[in-house]
Amino acid sequence: MDELNAHQRWSDLALAIVAAQEAYYGQDAPTLSDAEYDSMMRELMTLEDTYPELRTPDSPTQHVGRPSERTDFAPVTHLERLLSLDNVFSAEELRAWMQRTQRLLDRQPKWLCELKIDGLAVDLVYRDGRLVSAATRGDGRVGEDITGNVLTIGDIPARLRGTDVPPLVEVRGEVFFPVAAFEQLNAELVAAGKAPFANPRNAAAGSLRQKDPRVTAARPLSMLVHGLGAYEGFQLENQSEAYELLRGWGLPTSTHYQVVRGQQEVDEYVRWVGEHRHDPVIEHELDGVVVKVDALADHALLGDTSRAPKWAIAYKFPPEEVNTKLLDIQVGVGRTGRITPFGVMAPVRVAGSTVERATLHNGFEVKRKGVLIGDTVVLRKAGDVIPEIVGPVVALRDGTQREFVMPTHCPSCGAELRPEKEDDKDIRCPNAQHCPAQLRERVFALASRSALDIEALGLEAAIALSDPDADRPTDTQEPRQVSVLSSEASLFNLTVADLAGVKVWRRGALEPYFFTKGTANKPSVPKETTLQLFRELEAARTRPLWRVLVALSIRHVGPTAARSLADAFGSIDAIRAADAAQLASVDGVGQVIADAVQEWFSVDWHQQTIAAWAAAGVRMADEAKPEGVPVLAGLTIVVTGTLNGFSRDAAKEAIISRGGKAASSVSAKTSYVVVGDNPGSKADDAARLGVTILNEEQFVALLETGPVEQAP
């Protein structure tokens, strides 16, 4: 980029960032996602590094993000500046910052690691133990007076407790909004005809900046303290000491911080937080880790820039929330007939993958979230969960958006849709036996790893077998195709020859799916995946009973309930003969599942499916279990890494079938951790907690004979 273009780009970025700051801080209605804002700010910094003359005092890189001076709240001058934090976005950048800090100090400091709370920064001033002011960050020097609103937050004491209360202490922290409460608040706002908040952080900000404290009091805000400003009457050497002191005075402080030494321990903390950031024990949204030099004397040595301290850095995780365009809302038909609306969006990368669709659950959820077709929406993908539309960015609406209307008839078979019960929020297609979409989803589900584990029978193959016209162009004159699979009952009776004529729509044309495309000189032959499908169908005949139960798509019966039923009754015939009370008495089943099981067995074509599968050789009963206590009874086992002789599911099944519990995380209650190749942090957790670690050979021995007491 030449100098002229660089100056123009700098100007465009600066204007966009200032506008985004006004929307974020001043109106609590962000128009950019955090990821977009961070990217723009980093580009601005890079331009200023290349062209230093652009780094003027008015640049957004030189001051704390702030709203305009128009405000309904009185100004409050902080006793000490309340700065922002500089960010790093990779382990390499974090390591470089730590090494640079260590060089400036000429020694290895202790590092204070803590969670980066995604909330609203607040400054509290206590004089002689009484809260005299509460203010927002503002520009770092002057914030807005929100004392009346802060006093309504239950976590924040109006008076400090104890006999050693100082004459002055200025406390910094974050006010946040719990996620579940945020969803309820947005639903109430939409129902009242008001604009919903984009995310929990803005719900917290909007709630704190209410003119009427009664509105703030009605919202379940919380706060955690993470720093000090000015103080008198006590001495501290390290910031970590302050947390214990503040907790003793009744102030809310996090329990998730650690003081560590060296790069390796910092890396371990960052990794642990990344893996556990969505655990229930963490009570707030977080978007990274803050690493600080712990010693307060070192804070003075390192100093501050115009906008951030040099003794602290924020390591930000890859974004789990982004903004994107909601192009349309369509509906899908599930295996039990449930009609689920989903958003079709402009493709966007979030949490490591590109997302184009996100569920909206049901028509009530669409209204509750207040989203319109054409909105810019906040998309969230926390860890590995299904992408979810959080809500609309109302500030970006231009009048072209339109409301979504749930269909009245099934888009697959045309049957009239209806709720099962009068107060049911879900509507369903009642044509369970003959609806192509329901059959397709049931076939796909029965092949899943938690059911019959038929890898070659993926979604494309399920469509080809049961719903080959699913992607049929609307303008084609081709005759409609006949499904080779009209019911899952005939799945195990299929032959390779049955699939020779199966075609699917791709790029607007019909193409063979299970066979190669033949020519005059070269006839079509079955593909290797087709032959693999029949090998896996043969193996599926021998699956244990609980997997067969999952494959039958009985409402509410997943792997856990299926295992319980299989263990309790041992055969399909015994389950079918059991009454509701007997079914409900099984541990992990209960009345709802019991009723669903009885209802499923009462349907004639369901019985036909069982009979057809049994006739085709599918196992309908488990082998009798040997007498005595299972060898792994009472043991909790975690498997991490890759094992040579077991897939992850096979290892889990081997543990459960012997009476053990297969857990996904390591705790002090874990009996053993089995470590294969390339293990994750679970092996480190086991070592730290003193849990016994086994290799694969020892795991096999454990499965055969159970635990053997170690010699003293």
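Reading guide: rules and limits
Residues numbered from 1 in each chain as written. Predicted model: local features only at pLDDT ≥ 70, side-chain atom pairs only at ≥ 80, totals over all residues. Heavy atoms only, no water. Helix = DSSP H or I, 4+ residues; strand = E, 2+ residues; numbered from the N terminus. Buried < 20%, exposed > 50% of the residue type's maximum accessible area, 1.4 Å probe, protein only. Contact = heavy atoms within 4.5 Å. Areas by Shrake-Rupley, 256 points an atom, 1.4 Å probe, with all protein chains shown as cover. Lys, Arg positive; Asp, Glu negative; His and termini not counted. Charge placed at Lys NZ, Arg CZ, Asp CG, Glu CD. Core = buried A, V, L, I, M, F, W, Y, C linked by side-chain atoms within 4.5 Å. 1 Å grid on protein atoms, 1.4 Å probe; cavity = no way out; pocket = protein on both sides within 12 Å on 5 of 7 lines; lining within 4 Å. Points joined across faces, edges and corners; volume = space filled by probe spheres on them. Pairing = 2+ DSSP bridges. Phe/Tyr/Trp six-rings, centres within 6.5 Å; stacked < 30°, edge-to-face > 60°. Lys NZ or Arg CZ within 6 Å of the ring centre and 35° of its normal. pLDDT = per-residue confidence, 0-100.

K.L.:
Please set out the overall build of the protein residue by residue, giving values where relevant.
P.N.:
Looking only at helices and strands, the protein features 23 helices and 22 strands. Referenced to the eigenvectors of the C-alpha coordinate spread, the extents of the protein come out at roughly 85 × 75 × 55 Å. A total of 712 residues make up the protein; the buried ones form 48% of that total. Long-range pairs, those at least 24 residues apart, make up 66% of the contacts in the protein with a sequence separation of at least 6. On the protein, roughly 34,800 Å² of surface is accessible, and the fraction owed to carbon and sulfur atoms is 50%. One finds the centroid of the 76 positive side-chain charges in the protein at a distance of 2 Å from the centroid of its 99 negative side-chain charges.

K.L.:
Tell me about the nonpolar core, and name the residues and values.
P.N.:
One broad rule of soluble globular proteins: the nonpolar side chains tend to lie buried together. Core analysis: the largest hydrophobic core is formed by 56 residues, its most contacted members being Leu457, Phe514 and Trp613. Broken down by element, the residue count for this core peaks at six residues, all from helix α15 (residues 545–551). In contact with leucine 457, other than residues within four places in its own chain, are Val443, Phe444, Leu446, Ala447, Ala462, Leu465, Leu491 and Leu533. One finds Leu124, Leu221, Val390 and Val393 within the second-largest nonpolar core, a separate group that totals 38 residues.

K.L.:
Which residues make up empty space enclosed by the protein, and what values go with them?
P.N.:
All told, the structure shown has one cavity of 30 Å³ or more when counted by the stated rule. If you add up the space inside the largest cavity, you get close to 80 Å³. For the largest cavity, the full set of lining residues is Glu114, Leu115, Ile117, Leu224, Val225, His226, Tyr243, Ser254 and Tyr257. Residue assignment for the lining of the largest cavity shows that the elements contributing at least two residues are β3 (110–117) and β8 (222–232).

K.L.:
Could you give an account of the side chain of lysine 316, with specific residues and numbers?
P.N.:
Topologically, lysine 316 is positioned in strand β11 (residues 312–316). In this structure lysine 316 touches Asp34, Asp38, Asn87, Val88, Phe89, Lys116, Asp287 and Gly288, once residues within four positions along its chain are discounted.

K.L.:
Kindly report on helix α12 (residues 436–446), identifying the contributing residues and their values.
P.N.:
The complete set of buried residues in α12 reads Ala437, Gln438, Leu439, Arg440, Arg442, Val443 and Leu446. Among the structural elements, β12 (321–333), α13 (459–466), α15 and α20 (604–615) are those in contact with the buried residues of α12.

K.L.:
Would you mind going over the sheet that holds strand β9 (residues 258–261) in detail, with residue names and values included?
P.N.:
Hydrogen bonds between backbone groups are what pair the strands of a sheet, and the pairing can be parallel or antiparallel. Strand order across the open sheet formed by five strands is β2-β11-β10-β3-β9, with mixed pairing between neighbours. This sheet does not close on itself; its edge strands, each paired only once, are β2 (87–88) and β9. The pairing of β3 with β9 spans four bridges and is antiparallel. Looking at β9, one finds that leucine 112 is bridged to valine 259.

K.L.:
Give a description of unusual backbone geometry that names residues and reports values.
P.N.:
In this structure, aspartate 453 takes a positive phi of about 55° despite not being glycine. Mapped onto the elements of the fold, aspartate 453 is located in the loop between α12 and α13.

K.L.:
Which residues make up the packing of aromatic side chains, and what are the values?
P.N.:
Counted under the stated rule, the structure contains nine aromatic pairs. Cluster of aromatic residues (ring-pair linked, three or more members): Tyr231, Phe234 and Trp249. Positioned above the aromatic ring of tyrosine 513 is the side chain of lysine 527, whose terminal nitrogen or guanidinium carbon lies 5.9 Å from the ring centre. Over the ring of tryptophan 546 we find arginine 563, and its NZ or CZ is 3.9 Å from the ring centre.

K.L.:
Residues and numbers for the confidence of the model for the protein, please.
P.N.:
Regions with low pLDDT should not have their predicted coordinates read in detail. Per-residue pLDDT for the protein has a mean of 87; in total, 95% of the residues score no lower than 70. Taken element by element, the protein is modelled with least confidence in helix α1 (residues 3–26), mean pLDDT 77, and with most confidence in α20, mean pLDDT 96.

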